[in-house]
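Structure at a glance
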Amino acid sequence: QVQLVESGGGLVQPGGSLRLSCAASGSILSISNMAWYRQAPGKQRELVAGISSGGSTNYADSVKGRFTISRDNANNTVSLLMNSLKPEDTAVYFCAADILHLLTRARRYYWGQGTQVTVSS
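Bear in mind the structure is a predicted one, so any value in this text is a computation, not a measurement.

Attention shifts here to the overall build of the protein. The secondary structure content of the protein amounts to zero helices and eleven strands. In summary, the protein has a C-alpha radius of gyration of 14 Å against a globular reference of 14 Å for 121 residues, a match within 12%. Dimensions of the protein along its principal axes, counting C-alpha atoms only, are 50 × 25 × 25 Å. Put simply, the protein shows about 6,200 Å² of open surface, and 48% of that area lies on carbon and sulfur atoms. Charged side chains of the protein number 11 positive and 7 negative; the gap between the two group centres comes to 4 Å.

Okay, the sheet that holds strand S1 (residues 2-7) next. Where strands meet in a sheet, backbone hydrogen bonds hold them as pairs that are either parallel or antiparallel. Taken in spatial order, the four strands line up as S1-S3-S8-S7 in an open sheet, and their pairing is antiparallel. The open sheet terminates on both sides in strands that have one partner only, identified here as S1 and strand S7 (67-72). When strand polarity is set aside, the average angle formed by the axes of neighbouring strands in this sheet is 15°. Where S1 and strand S3 (residues 18-26) come together, six bridges link them in antiparallel fashion. Within S3, the residue paired with glutamine 3 across the bridge is serine 25.

It is worth spelling out the nonpolar core at this point. Within the largest apolar cluster, 31 residues are counted, with the highest numbers of intra-cluster contacts made by Leu4, Trp36, Leu80, Met82, Tyr93 and Ile99. Counting only elements with at least two residues in this core, the list comes to S1, S3, strand S4 (28-39), strand S5 (46-51), S7, strand S8 (77-82), strand S9 (91-101) and strand S11 (115-119). It is S9 that provides the largest number of residues to this core, a total of five residues. Setting aside residues up to four positions removed in sequence, isoleucine 99 forms contacts with Val2, Leu4, Ala24, Ile28, Ser30, Ile31, Ala106, Arg107, Arg108 and Tyr110.

Its location among the elements puts threonine 68 in strand S7. When the C-alpha positions of threonine 68 and asparagine 33 are compared, they lie 15 Å apart, and in sequence the two are 35 residues distant. When residues no more than four places from it in sequence are discounted, the contact partners of threonine 68 are Tyr59, Ser79, Leu80 and Leu81.

Turning our eyes to something else, we now look at a nonpolar patch on the surface. Among the surface-exposed residues, Leu29, Leu102 and Leu103 lie close enough to one another that they form a single nonpolar patch of about 280 Å² accessible area. Considering the arrangement of structural elements, one finds leucine 103 in the loop between S9 and strand S10 (107-111). Among the residues examined, leucine 103 registers a relative accessible area of 64% and is labelled exposed.

Moving on: the state of the cysteines. Overall, the coordinates contain one disulfide when judged by the stated rule. Across the disulfide, cysteine 22 is cross-linked to cysteine 95 (sulfur-sulfur distance 2.0 Å). Placement of cysteine 22 in strand S3 and of cysteine 95 in strand S9 is noted, with a sequence separation of 73 residues between them. Taken as a pair, cysteine 22 and cysteine 95 share a single burial class, namely buried.

Our focus in this paragraph is unusual backbone geometry. We note that asparagine 76 has phi near 55°; this positive angle belongs to a residue other than glycine. Note on placement: asparagine 76 falls in the loop between S7 and S8.

Calculation criteria
- Here the residue numbers are simple positions, counted from 1 along each chain's written sequence.
- Reporting of local features is limited, given that this is a predicted model, to residues whose pLDDT is at least 70; pairs of side-chain atoms are given and counted only at 80 or more, and all residues count toward the totals for whole chains, interfaces and linings.
- Think of the side-chain values as coming from all heavy atoms in the structure, minus any hydrogens and water.
- Only DSSP runs of H or I reaching four residues or more are called helices, and only runs of E reaching two or more are called strands; each is numbered from the N terminus.
- Values of the radius of gyration come from C-alpha atoms, whereas the globule rule sets the reference at 2.2 Å times the count of residues to the power 0.38.
- For the accessible areas, the method is Shrake-Rupley and the probe is 1.4 Å, while residue cover comes only from the protein chains on display.
- Working convention for charge: Lys and Arg count positive, Asp and Glu count negative, and His plus the chain ends are omitted.
- Lysine's charge is taken at NZ, arginine's at CZ, aspartate's at CG and glutamate's at CD.
- Pairing between two strands is assigned when DSSP locates at least 2 bridges connecting them.
- What counts as an axis is a line fitted to C-alpha atoms, over the stretch in contact for a helix, and the angles between N-to-C directions run from 0 to 180 degrees.
- Put simply, a nonpolar core is a bunch of buried Ala, Val, Leu, Ile, Met, Phe, Trp, Tyr and Cys residues held in one set by side-chain atoms that sit within 4.5 Å of each other.
- The buried label applies to any residue whose accessible area, calculated with a 1.4 Å probe on protein chains only, is under 20% of its type's maximum; exposed applies above 50%, and partly exposed to all values in between.
- Contacts are assigned to residue pairs with any non-hydrogen atoms lying within 4.5 Å of each other.
- A residue counts toward a patch only above 30% relative accessible area and without a salt bridge, and it is joined to like-charged neighbours within 9 Å or, for Val, Leu, Ile, Met, Phe, Trp and Tyr, to nonpolar neighbours within 5 Å.
- Any carboxyl oxygen of Asp or Glu within 4 Å of a side-chain nitrogen of Lys or Arg constitutes a salt bridge here.
- Working definition: a disulfide is two cysteine sulfur atoms within 2.5 Å of each other.

As structure tokens, this is what we get:
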């Protein structure tokens, strides 16, 4: 069994900062790409930021220069530092990881349960 657990969401004022964290645990042999997605009410889930096992990153245009994704390969964690938050960043944020299962040797995308981020004054 593999689990991804997010933490760090909450309510923040416009211009503020939040740091989201996600820890992967369970029957993990290896993790390649990790990412953060978000889904706002009435909208499709969208990629916010991704990071490879080697540390290469990519960002949605809407968050470039404001958000930073990082990971700790030794601890199977990924984080998202969000600065200069705007009301339009309000959404449920999900972490995701491309994981090779230790026992089945099957590789697939796993998702966390999501954490709410609300940007409002």
